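Observations on chain architecture
Residues per chain are reported as follows:
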Amino acid sequence: MASVTDLLLPGTRAESTADAPRPMIVADNVHVNYRVYASGKRMTTRESLTSLRSFRGGRDLQTVPALRGVSFTATEGESIGVVGHNGSGKSTLFRAMTGLIPPSEGAIYARDRPVLLGVNAALVPELSGENNIRLGLLAMGFSPEEAAARVDEIADFAELNDFIYHPMRTYSSGMGARLKFAIASAKAHSILLIDEALAVGDRRFRAKSEKRINELRDSAGLVMIVSHSTGSLKQTCERVLWVHKGELIADGPTDDVIAEYVAWTKNPGSNAVGAASAPKPQTKNAPVAVGFDPGAIADDSPRTGGAVGLAGSSTADEPRAVARRERHRRAEQRTRKRSVLLMVLSGVAVLLAVAAGAIIGTLSSVAAPAEPEPSAPSTASTPEAVADPVIQSFSTNVATVECASEEAEAQVLLSWQIDDAESVAIGAGDAQVDALELPIAAALPANLTDRAVPFSCAAEAVVYTVTAENADGVRVSASASVARVLPVETEEPDYEEPRPDPRPSQPAEPEPVTPPAPEVPVEPQPSTPPTEPTPEPTTPPITEPPVFDPGTGATTP
Ligand SMILES: Nc1ncnc2c1ncn2[C@@H]1O[C@H](COP(=O)(O)OP(=O)(O)OP(=O)(O)O)[C@@H](O)[C@H]1O
């Protein structure tokens, strides 16, 4: 038992050198049996006592021989019609050729995978029409990108409008058939099997699908059509197979076989259902026995006559068949050339991409030194993080300095507490913010906490700045200001004879003593504006009152 799926024609490997028609599909004594549980047939009393069927409620497994030893060879360029009454086995033959049903006996050989329009579409009712299109195209060998690119076109052909987004189980049978046809006819096939059941939908859609079928047929290597319309078969086929009760009883030129078939249908017999029980029709076009030997084709031996036995080969040389054969071969050559070109282009593109990548990599490694990987730090070579320096306090011992004159020089004691510093510097200026830039005392030891610095009385105020720096070069600064106090210059007042004051003399109020300004620790501000020195309050001279001596009567000033 063999099926078409694993028995492609061996001749596909060897190119035919001659113009002789190549076999596209060979059916060699094909038998197909369906096994069904049947019930309802009345049993006799004896049967009901003895048969196992009675234990299964009257159901019995029965074998239906749908095909019985069908043999034929179809060649490149042919268009073959298949006729027969209802239930004769036409659809079963097509299903067997596509591999949907394995033959119980015999074998089917095919040069390419036969495609049955409309029936073999593996669609899922729960999916939307759109997703079924993708699925169907993928099953037919399209790449995901190709399938995505064709979805809209196929949906348009099916004319399902917004229903294309609905689950397929909600479609009417006509809508489903349209979708199946639109999917299956989206690709040109080498061996195309068309069931007349495809002629679905309204008149307009049927005309459209027939046009599409004609296009597909023109590009196919072999077309086989099942139809009850003898008129359309006469228009499209050069050869017709007549299947009767699972047997191939006629195989020959269209006009001859159809004439015999039509004559028989006019008087098929007395029984109903397509006269299935009528006697076997007599025909002059009995098929030639095939007796197919695959090795004969593999060895490229002559294909006409002999072991292969091309039934109906007389029709294969008709002008229409020859023209279609030529078209098919040219299409095959174009496809082959296109595949080779695609492969070459893909290879070149890959090589270019690799070369470009290598050049870019080389250039970038030359242009920029390799940076250390941030994700793989070396604990041995990376220094530990250094803490930023902190100035806890910075202050002066006085807020003001009493200067005898502007030329005088004095000293101020600066004190600080600094953590995490590697170097400390002291600077002085009107508005200094970074002592390391202009130090008066630089690179002081980190453990030093105070230092006497000069104070120039030439300035009204001096801003002292301390700056601390750590090993990473992080700097912080703080400042404190000291103001100058100069002696007050008083002018000599013109002396006037004081007049005696009749009032008793009052002792002068003692001058309040101003406590010295407390030392305020200076916040680490960038700069503090100098404060104006407060002038010392001047005390007027105290004049003694004249004293009267009563003994002498004189007054002593
Ligand atoms: N799935 C099945 N299970 C059991 N028997 C089947 C099955 N399909 C078909 N048959 C039987 O096989 C025989 C051939 O049927 P088939 O459908 O191939 O005939 P057909 O020529 O295509 O008929 P029609 O012209 O009505 O489509 C019939 O007797 C039918 O009852």
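Residues numbered from 1 in each chain as written. Predicted model: local features only at pLDDT ≥ 70, side-chain atom pairs only at ≥ 80, totals over all residues. Heavy atoms only, no water.

1. Things to note about the overall build of the chain
The number of helices and strands found in the chain is eleven helices and 19 strands. Residues classed as buried in the chain amount to 36% of the 557 residues present. Pairs at least 24 apart in sequence give 73% of the contacts found in the chain among residues at least 6 apart. (Helix = DSSP H or I, 4+ residues; strand = E, 2+ residues; numbered from the N terminus. Buried < 20%, exposed > 50% of the residue type's maximum accessible area, 1.4 Å probe, protein only. Contact = heavy atoms within 4.5 Å.)

2. Some thoughts on the packing of aromatic side chains
Enumeration over the complete set of coordinates arrives at four aromatic pairs. Judged by centre distance (5.2 Å) and plane angle (80°), the ring pair of Trp242 and Tyr261 falls under edge-to-face. Of this pair, Trp242 sits in strand β8 (residues 239-244) while Tyr261 sits in helix α8 (residues 254-266), placing them 19 residues apart in sequence. The burial state of Trp242 is the same as that of Tyr261; both residues are buried. The rings of Trp242, Tyr261 and Trp264 are connected pair by pair, giving a single aromatic cluster. Sitting over the face of the ring of Phe157, Arg212 holds its NZ or CZ atom 4.0 Å from the ring centroid. (Phe/Tyr/Trp six-rings, centres within 6.5 Å; stacked < 30°, edge-to-face > 60°. Lys NZ or Arg CZ within 6 Å of the ring centre and 35° of its normal.)

3. Regarding the confidence of the model for the chain
Here the chain shows a mean pLDDT of 74. Residues at 70 or above account for 67%. Note on residues 374-382: pLDDT is under 50 here. Beyond four places in sequence and across chains, it has zero contacts. (pLDDT = per-residue confidence, 0-100.)

4. Description of unusual backbone geometry
A positive phi angle is found at Asn29, which is not glycine, with a value near 55°. The phi torsion at Asp420 lies on the positive side, around 55°, for a residue other than glycine. Inspection of the secondary structure assignment puts Asp420 in the loop between β12 (409-419) and β13 (423-429). Exposure remark for Asp420: the relative accessible area of 47% places this residue in the partly exposed category.

5. Details of the UniProt feature "transmembrane region" (unreviewed entry) in the chain
UniProt annotation of "transmembrane region" (unreviewed entry) refers to residues 340-363 when read in the numbering used here. What you have in residues 340-363 is 100% helix and 0% strand, and the ends, taken at the C-alpha atoms, are 34 Å apart. (UniProt positions renumbered as here; feature names shortened; annotations may be inferred.)

6. As for the site of the ligand
Taken together, Tyr34, Val36, Ala66, His85, Asn86, Gly87, Ser88, Gly89, Lys90, Ser91, Thr92 and His228 make up the full set of residues adjacent to the ligand. Residue Asn86 places a side-chain N or O atom 2.9 Å away from an oxygen atom belonging to the ligand. The contact in question runs from an oxygen atom of the ligand to an N or O atom on the side chain of Thr92, over 2.5 Å. Residue assignment for the shell around the ligand shows that the elements contributing at least two residues are β1 (23-38) and α2 (90-98). (Near = heavy atom within 4 Å. Polar contact = N/O pair within 3.5 Å; in protein donor to acceptor, adjacent residues only side chain to side chain.)

7. Concerning helix α6 (residues 203-219)
For α6, with 17 residues, the first-to-last C-alpha span of 25 Å sits near the 24 Å given by 1.5 Å per residue. Every buried residue of α6 is accounted for by Phe205, Ser209, Arg212, Ile213, Leu216 and Arg217. Projected onto a plane normal to the axis of α6, the buried residues spread over an arc of 140° and lie on a single side. Within α6, the exposed residues directed more than 90 degrees away from the buried face are Arg203 and Lys211. (Expected span 1.5 Å × (residues − 1). Arc of directions from axis to C-beta.)

8. Some details on the sheet that holds strand β17 (residues 475-485)
Hydrogen bonds between backbone groups are what pair the strands of a sheet, and the pairing can be parallel or antiparallel. Spatial strand order, β11-β17-β16-β13-β14: five strands in an open sheet with mixed pairing. If you trace the sheet from one side to the other, it starts and ends with β11 (400-402) and β14 (439-444), each paired once. Each adjacent strand pair in this sheet contributes to an overall mean axis angle of 20°, direction not counted. Direction of pairing for β11 relative to β17: parallel, over a ladder of three bridges. Along β17, the bridge assignment pairs Thr400 with Ala483. (Pairing = 2+ DSSP bridges. Axes fitted to C-alpha atoms, helices over the stretch in contact; angles between N-to-C directions.)

9. Remarks on the state of the cysteines
Scanning the entire structure with this criterion turns up one disulfide. A sulfur-sulfur distance of 1.9 Å marks the disulfide that ties Cys403 to Cys457. Because the torsion about its S-S bond is -75°, the bridge between Cys403 and Cys457 counts as left-handed. One end of the pair, Cys403, is in the loop between β11 and β12; the other, Cys457, is in the loop between β15 (450-456) and β16 (461-469), and 54 residues separate them in sequence. In this structure, Cys403 and Cys457 share a single accessibility class: buried. (Disulfide = S-S within 2.5 Å.)

10. Some words on the nonpolar core
Judged by nonpolar contacts, the single largest core of 42 residues is most densely connected at Ile133, Leu137, Leu179 and Trp242. Of all hydrophobic cores here, the second largest spans 27 residues; its members include Val32, Val70, Ala96 and Leu248. (Core = buried A, V, L, I, M, F, W, Y, C linked by side-chain atoms within 4.5 Å.)

11. Remarks on the pattern of salt bridges
When charged atoms on two side chains of opposite charge get close, those side chains can pair. Scanning the model with the defined rule gives 13 salt bridges in all. With a closest N to O distance of 3.8 Å, Glu130 and Arg134 form a salt bridge. Taken together, the residues span about one helical turn, with Glu130 and Arg134 both in helix α3 (residues 129-139) at a distance of four residues. When its relative accessible area of 22% is taken as the criterion, Glu130 is described as partly exposed. (Salt bridge = Lys/Arg side-chain N within 4 Å of Asp/Glu carboxyl O.)

12. Overview of the environment of Val36
Mapped onto the elements, Val36 comes out in strand β1. Of the residues examined, Val36 reaches a relative accessible area of 35% and is grouped as partly exposed. With 25 residues separating them along the chain, Val36 and Leu61 place their C-alpha atoms 5.5 Å apart.

13. Quick notes on α3
Taken together, the buried positions of α3 are occupied by Gly129, Asn132, Ile133, Gly136 and Leu137. Looking down the long axis of α3, one finds its buried residues gathered within 135° of arc, a one-sided arrangement. Turning to α3, the residues buried within the fold contact α4 (144-158) and α5 (173-184). Gly141 sits one or two residues past α3 and shows a positive phi near 100°.

14. Considering a nonpolar patch on the surface
A contiguous nonpolar surface patch, about 360 Å² in accessible area, is contributed by Val340, Val344, Val348 and Leu352. Looking at the secondary structure, you find Leu352 in helix α11 (residues 319-367). Look at Leu352 and you get exposed, because its relative accessible area is 57%. (Patch = residues over 30% accessible without salt bridge, like charges linked within 9 Å, V, L, I, M, F, W, Y side chains within 5 Å. Areas by Shrake-Rupley, 256 points an atom, 1.4 Å probe, with all protein chains shown as cover.)

15. A short note on the packing of α5 against α6
The interhelical angle for the contact between α5 and α6, taken along N-to-C directions, is 20°, at an axis separation of 11 Å. Of the possible angle classes, the one that applies to α5 and α6 is roughly parallel. Note that α5 runs across α6; the crossing there is left-handed. Judged by residue contacts, Arg178, Phe181 and Ala182 of α5 engage Phe205, Ser209, Arg212 and Ile213 from α6. Of the residues belonging to the contact of α5 with α6, the class tally is four nonpolar, one polar and two charged. (Parallel < 35°, antiparallel > 145°, perpendicular 65-115°, else oblique. Left-handed = near helix turned anticlockwise from the far one by under 90°. Nonpolar A, V, L, I, M, F, W, Y, C, P; charged D, E, K, R; others polar.)

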